[in-house]
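Analysis of the macromolecular model
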Amino acid sequence: MALVDADKLGLGLSVFILIRTSNHDPDWLQKFRAAVTGFPEITGVYRMSGDLDYVLRARVADMKAYDRLYQRLIAKVALSDVSASFVMEEIKETTVVPMELR
């Protein structure tokens, strides 16, 4: 595994996709998991507590690329509500696990 500069790869837009669904049955979940794990642009998928059901993290080139990802996602799985927040500045991003906090 290597760490690369997303901007240099032409993937300068980081987006958090916020999802709510009214369907939580096993068939829907299987379809959702297959969809989100099949998109290389989606780099993180989290099932949440509280108001949101899922948060996805994605890297795309620009807004048009995000819209294409969004269109492909909603074509694969039914979602009740989808919104997105676009990162304006990455202040800290790391994959390091803080061992000293154990």
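Presented here is an overview of the structure given in this document.

What counts and how
Every residue gets a number counted from 1 within its own chain, in the order that chain's sequence is written. In keeping with the model being predicted, local features are shown solely for residues with a pLDDT of at least 70 and side-chain atom pairs are shown and tallied solely at 80 or more, while totals for entire chains, interfaces and linings include all residues. Side-chain calculation: all heavy atoms of the structure are included, whereas hydrogens and water are not. The numbering of helices and of strands both runs from the N terminus, where a helix is a DSSP run of H or I of at least 4 residues and a strand a run of E of at least 2. Using a 1.4 Å probe on the protein chains alone, a residue whose accessible area is under 20% of its type maximum counts as buried, one over 50% counts as exposed, and one in between counts as partly exposed. We call two residues in contact when some of their heavy atoms are within 4.5 Å. Only the protein chains shown count as cover for residues, and all accessible areas are computed by the Shrake-Rupley method using a 1.4 Å probe. Charged-residue counts in this description rest on Lys and Arg as positive and Asp and Glu as negative, His and the chain ends being excluded. Lysine's charge is taken at NZ, arginine's at CZ, aspartate's at CG and glutamate's at CD. Only centres within 6.5 Å qualify two rings of Phe, Tyr or Trp (six-membered ring in Trp) as a pair; their planes then separate them into stacked at under 30 degrees, edge-to-face at over 60, and tilted for everything else. Think of it this way: DSSP has to see at least two bridges between two strands before they count as a pair. The definition of a nonpolar core used throughout is a set of buried Ala, Val, Leu, Ile, Met, Phe, Trp, Tyr and Cys residues joined through side-chain atoms within 4.5 Å. The axes are straight lines fitted to the C-alpha atoms, using for helices just the contacting stretch, and the angles between their N-to-C directions are given from 0 to 180°. Salt bridges are defined by distance alone: a side-chain nitrogen of Lys or Arg within 4 Å of a carboxyl oxygen of Asp or Glu.

**A closer look at the overall build of the protein**
Along its length, the protein carries two helices and four strands. With the C-alpha coordinates aligned to their principal axes, the bounding extent of the protein is approximately 40 × 40 × 25 Å. Burial statistics for the protein: of 102 residues in total, 28% are counted as buried. Taking the intrachain contacts of the protein between residues at least 6 apart in sequence as the baseline, contacts between residues at least 24 apart amount to 70%. Summed over all atoms, the accessible surface of the protein reaches about 7,500 Å², with 55% contributed by carbon and sulfur. Where the 13 positive side-chain charges of the protein centre and where its 14 negative ones centre are 4 Å apart.

**Here we look at the packing of aromatic side chains**
Each pair of aromatic rings is reported with the distance of its centres and the angle of its planes. The final tally for this structure, using the stated rule, is five aromatic pairs. Cluster of aromatic residues (ring-pair linked, three or more members): Trp-28, Phe-32 and Tyr-54.

**Things to note about the pairing of strand S2 (residues 42–47)**
Examined bridge by bridge, S2 and strand S3 (residues 54–60) share five bridges and lie antiparallel to one another. Among the inter-strand pairings, Arg-47 is bridged to a residue of S3, identified as Tyr-54. Linking two consecutive strands that pair antiparallel, namely S2 and S3, is a turn of six residues; a positive phi of about 90° is found at Gly-50 within it.

**Here's the deal with the nonpolar core**
With 19 residues, the main nonpolar core has Ile-17, Ile-19, Phe-32, Ile-42, Leu-56, Leu-69 and Leu-73 as its most contacted residues. Mapped onto this core, the elements with two or more residues apiece are strand S1 (13–20), helix H1 (26–37), S3 and helix H2 (63–76). Those residues in contact with Leu-56 that lie beyond four places of it in its chain are Val-15, Phe-16, Ile-17, Ile-19, Phe-32, Val-36, Ile-42, Gly-44, Val-45 and Leu-73.

**Notes on the sheet that holds S3**
Note: strands within a sheet are paired through backbone hydrogen bonds, in either parallel or antiparallel orientation. Ordered by their spatial adjacency, four strands build an open sheet running S2-S3-S1-S4, and the pairing between neighbours is antiparallel. Only two strands of the sheet have a single partner each, and these edge strands are S2 and strand S4 (81–86). Taken over all neighbouring pairs, the strand axes of this sheet differ in orientation by 20° on average, direction set aside. Taken strand by strand, H1 contacts S1, S2 and S3, and its axis lies near 20° from that of S3.

**So, the side chain of Ser-14**
In this fold, Ser-14 is placed in strand S1. Discounting residues that sit within four places of it in the chain, Ser-14 has contacts with Ala-58, Arg-59, Ser-85, Phe-86, Val-87 and Glu-90.

**A word on the pattern of salt bridges**
This structure, assessed with the given rule, holds four salt bridges. Across the pair Asp-81 and Arg-20 runs a salt bridge whose closest N-O atoms are separated by 2.9 Å. You can see Asp-81 sitting in strand S4 and its partner Arg-20 sitting in strand S1, a full 61 residues away along the chain. Judged by relative accessible area, which is 33%, Asp-81 ranks as partly exposed. Under the relative-accessibility criterion, Arg-20 is labelled partly exposed at 26%. Arg-72 is paired through a salt bridge with Glu-41; the nearest N and O atoms lie 2.9 Å apart.

Remember, this is a structural readout, not a statement about activity or role.
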